[in-house]
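# Close look at the chain arrangement
These are the residues of each chain, in order.
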Amino acid sequence: MPDDGGSVRVDAWLWAVRLYKTRSAATAACRAGHVRIDGNPAKAAQTVVPGTTVRVRQNGFDRILEVTRLIAKRVGAPAAQQCYIDRTPERRRVAIPQVPVRDRGTGRPTKKDRRDMERLRGG
């Protein structure tokens, strides 16, 4: 399971802890500049050791992970989560305004319907 000494390539570690589905996707993320180690851009072959901070950009948000254990082979999700501490700050929830929905084919809204829709929009 985890290695006791040495170091592991960052792309292999990211794949092993299940942040990327394939190792080639992890390598591509490193090449694109989406992975940073201790604040510096990381190449795929760069090594990680316990205590290293890895910042990964996924879906427009940064995940900040602290390496606690080294792992080179992909394991189950519960075992993979023990290999890092997630230091990512909590995301703010974005309030999505309600949009009035009318059934198709009901025709033009009446004056009362328009006023109700404006009230929903906050106007």
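Remember, predicted model here, so these are calculated numbers, not experimental data. (Residues numbered from 1 in each chain as written. Predicted model: local features only at pLDDT ≥ 70, side-chain atom pairs only at ≥ 80, totals over all residues. Heavy atoms only, no water.)

### Looking at the side chain of Gln-58
Assignment of secondary structure puts Gln-58 in strand β6 (residues 53–58). Residue classification places Gln-58 among the buried residues on the basis of a relative accessible area of 18%. At 2.7 Å, the side chain of Gln-58 and the backbone oxygen of Leu-19 are in polar contact. Not counting residues within four places of it along the chain, the set of residues in contact with Gln-58 comprises Leu-19, Tyr-20 and Arg-63. (Helix = DSSP H or I, 4+ residues; strand = E, 2+ residues; numbered from the N terminus. Buried < 20%, exposed > 50% of the residue type's maximum accessible area, 1.4 Å probe, protein only. Polar contact = N/O pair within 3.5 Å; in protein donor to acceptor, adjacent residues only side chain to side chain. Contact = heavy atoms within 4.5 Å.)

### Overview of helix α2 (residues 23–32)
Buried within α2 are the following residues: Ala-26, Thr-27, Ala-29 and Cys-30. Taken down its axis, α2 places every buried residue within 160° of arc, on the same side. Residues Ser-24 and Arg-31 are exposed on α2 and point more than 90 degrees away from its buried face. On its buried face, α2 is in contact with α1 (10–16) and β3 (35–37). Just downstream of α2, Gly-33 is the residue with a positive phi angle, here 90°. (Arc of directions from axis to C-beta.)

### Examining the packing of aromatic side chains
Summed over the entire model, instances satisfying the criterion amount to 1 aromatic pair. Between Trp-13 and Tyr-84, the ring centres sit 6.3 Å apart and the planes meet at 75°, which makes this aromatic pair edge-to-face. Here the residue Trp-13 occupies a position in helix α1, and Tyr-84 occupies one in strand β9 (residues 84–86), the gap between them amounting to 71 residues. Sitting over the face of the ring of Phe-61, Arg-91 holds its NZ or CZ atom 4.0 Å from the ring centroid. (Phe/Tyr/Trp six-rings, centres within 6.5 Å; stacked < 30°, edge-to-face > 60°. Lys NZ or Arg CZ within 6 Å of the ring centre and 35° of its normal.)

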